[in-house]
Amino acid sequence: MNLETARLELLPLDPGRHAEALHAVYGNAAVMRWWTCPPTGSVEQTRRLLADELARPGATLWALRRTEDDLVIGMAGLLGGVAIPGLTWILAEQVWGHGFATEAATAVVDHAFQHAGYDRVEAWVESSNTRSTAVCRKTGLIERGRLPQRYEHREKPHETVVFGRAKKPDPISVLHLDPVLPVADVPATVELLRAALKARVSFTAGEPADVAGLVFGPWSTGPGVRLVRRPAQECAPLEFTLDVSAGFADLHQAVVASSVTGIEPPADRPWGTREFAFRLPEGHRIVVSTPG
Ligand SMILES: CC(C)(COP(=O)(O)OP(=O)(O)OC[C@H]1O[C@@H](n2cnc3c(N)ncnc32)[C@H](O)[C@@H]1OP(=O)(O)O)[C@@H](O)C(=O)NCCC(=O)NCCS
């Protein structure tokens, strides 16, 4: 269905009809800097890209036509083939800075909640894509978490922010899951994980500590682990994985330079990640993973 906003008409995307106008967008390297694929090289490639996006199950995409002059200036909609409805948007560079993306995204969110029957929408945005993170916030989406991603055409992984907005407030909001590691010596393990994984201490209890909270990363909160003192024979080995978007090589160096044992060197895994691992004295196996 067509949607209308104050300055735009949202027309159901038709690759045959809209590829020519949208090639100015998808063929522009500055605009495509953030996209999941490189710029297209021809109108035909743009048409195919649009057709592929549209063919994903559940995709609902619109071409954005500016009512003032009937120019097609971009695309917005809901991605197909994703578990949670995902917003997407892209605008011709010369119309950035006029509020068109936020206007279109607001109409798409209204459609998702009022007509498509969805109870939540997400947007996955590279953390350095500040124009898009601003669009998320202006459209009422807030940050829900971060994950590492690597696009096929890029050499390095990046940090993706998952923004989300629910139709109604969620009754439950789990912010973290901190595994509890039983260890024989809490202060010694704190020192090991500080050296090996640049962990920081969020709290300790006892003197010397028999409980400690650790956060992996330089901030006050984030993924972490709790250490509790237990007799050595009760410390059944556990295993957990840290996903990192940057600093994989630095962490590996720090692990090698620390006094941890059982280091398994970096290797590519069949599920698309590159991982190394090491063990704590109790046998706990810690895996560090990044997109391969
Ligand atoms: C992301 C993208 C669509 C944002 O476009 P945008 O024009 O910056 O976003 P908006 O439509 O919200 O416009 C906001 C700007 O318009 C300004 N503005 C001017 N008139 C306005 C109006 N009437 N209403 C609202 N904002 C207005 C705002 O002040 C703001 O400018 P600022 O950022 O300089 O302060 C565009 O940068 C783009 O196509 N990027 C590449 C594709 C991309 O990254 N897609 C997402 C991948 S996850």
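What counts, and where the lines are drawn
- Residues numbered from 1 in each chain as written.
- Predicted model: local features only at pLDDT ≥ 70, side-chain atom pairs only at ≥ 80, totals over all residues.
- Heavy atoms only, no water.
- Helix = DSSP H or I, 4+ residues; strand = E, 2+ residues; numbered from the N terminus.
- Buried < 20%, exposed > 50% of the residue type's maximum accessible area, 1.4 Å probe, protein only.
- Contact = heavy atoms within 4.5 Å.
- Areas by Shrake-Rupley, 256 points an atom, 1.4 Å probe, with all protein chains shown as cover.
- Lys, Arg positive; Asp, Glu negative; His and termini not counted.
- Charge placed at Lys NZ, Arg CZ, Asp CG, Glu CD.
- UniProt positions renumbered as here; feature names shortened; annotations may be inferred.
- Near = heavy atom within 4 Å.
- Polar contact = N/O pair within 3.5 Å; in protein donor to acceptor, adjacent residues only side chain to side chain.
- Nonpolar A, V, L, I, M, F, W, Y, C, P; charged D, E, K, R; others polar.
- Axes fitted to C-alpha atoms, helices over the stretch in contact; angles between N-to-C directions.
- Parallel < 35°, antiparallel > 145°, perpendicular 65-115°, else oblique.
- Pairing = 2+ DSSP bridges.

1. Details of the overall build of the protein
Point 1. Secondary structure assignment for the protein yields seven helices and 16 strands.
Point 2. Across its three principal axes, the protein shows a C-alpha extent of roughly 75 × 40 × 30 Å.
Point 3. Out of the 292 residues belonging to the protein, those deemed buried represent 45%.
Point 4. For the protein, restricting intrachain contacts to residue pairs at least 6 apart in sequence, the fraction spanning at least 24 positions comes to 55%.
Point 5. About 15500 Å² of surface is accessible on the protein, with carbon and sulfur atoms providing 52% of the total.
Point 6. Side chains of the protein give 30 positive and 34 negative charges; the mean places of these two sets differ by 2 Å.

2. Some remarks on the environment of Gly80
Point 1. In this fold, Gly80 is placed in the loop between strand S4 (72-79) and strand S5 (86-91).
Point 2. For Gly80 and Ser258, which are 178 residues apart along the polypeptide, the C-alpha to C-alpha distance reads 45 Å.
Point 3. Gly80 has contacts with Arg56, Pro57, Gly58 and Ala59, leaving out every residue within four places of it along the chain.

3. Details of the UniProt feature "domain: N-acetyltransferase" (unreviewed entry) in the protein
Point 1. Per the UniProt record, "domain: N-acetyltransferase" (unreviewed entry) is annotated on residues 8-171.
Point 2. Helix and strand shares over residues 8-171 are 32% and 30% respectively, and the end C-alpha atoms of the span are 35 Å apart.

4. Section: the side chain of Ser258
Point 1. Summarising the element assignment, Ser258 is placed in the loop between helix H7 (248-257) and strand S14 (261-268).
Point 2. Look past the residues within four positions of Ser258 in its chain and what remains in contact with it is Ala195 and Ala196.

5. Details of the site of the ligand
Point 1. Taken together, 20 residues form the shell around the ligand, and within it Trp89, Gly97, Ala101, Thr102 and Arg131 come nearest.
Point 2. Between the ligand and Asn129 there is a distance of 2.8 Å, counted from an oxygen atom to a side-chain nitrogen or oxygen.
Point 3. Here the ligand, which alone exposes 960 Å², has 68% of that area covered by the protein.
Point 4. Sorting the residues of the shell around the ligand by element identifies S5, helix H4 (100-114) and helix H5 (130-138) as the ones contributing at least two each.
Point 5. Of the residues forming the shell around the ligand, the biggest block, four residues, is contributed by H5.
Point 6. The class makeup of the residues in the shell around the ligand is eleven nonpolar, six polar and three charged.

6. Quick notes on the packing of helix H6 (residues 186-197) against H7
Point 1. Where H6 contacts H7, the two axes come as close as 7 Å, and the packing angle between them is 135°. The angle between H6 and H7 places the two elements in the oblique class. Across the interface between the two elements, Ala195, Ala196 and Leu197 of H6 pack against Leu251, Ala254 and Val255 of H7.
Point 2. Looking at the contact of H6 with H7, its residues break down into six nonpolar, no polar and no charged.

7. A look at the sheet that holds strand S15 (residues 273-279)
Point 1. Read across the sheet, four strands follow the order S13-S16-S15-S14 without closing on themselves; strand pairing throughout is mixed. What marks the edges here is a single partner per strand, and that holds for strand S13 (239-243) and S14. Within the sheet, the average angular offset between the axes of one strand and its neighbour, ignoring direction, is 15°.
Point 2. With four bridges joining them, S14 and S15 adopt antiparallel strand pairing.

8. Let's talk about the UniProt feature "domain: VOC" (unreviewed entry) in the protein
Point 1. Here the UniProt-annotated "domain: VOC" (unreviewed entry) positions come out as residues 173-291.
Point 2. For residues 173-291, the end-to-end C-alpha separation is 27 Å, with 18% helix and 42% strand making up the annotated structure.

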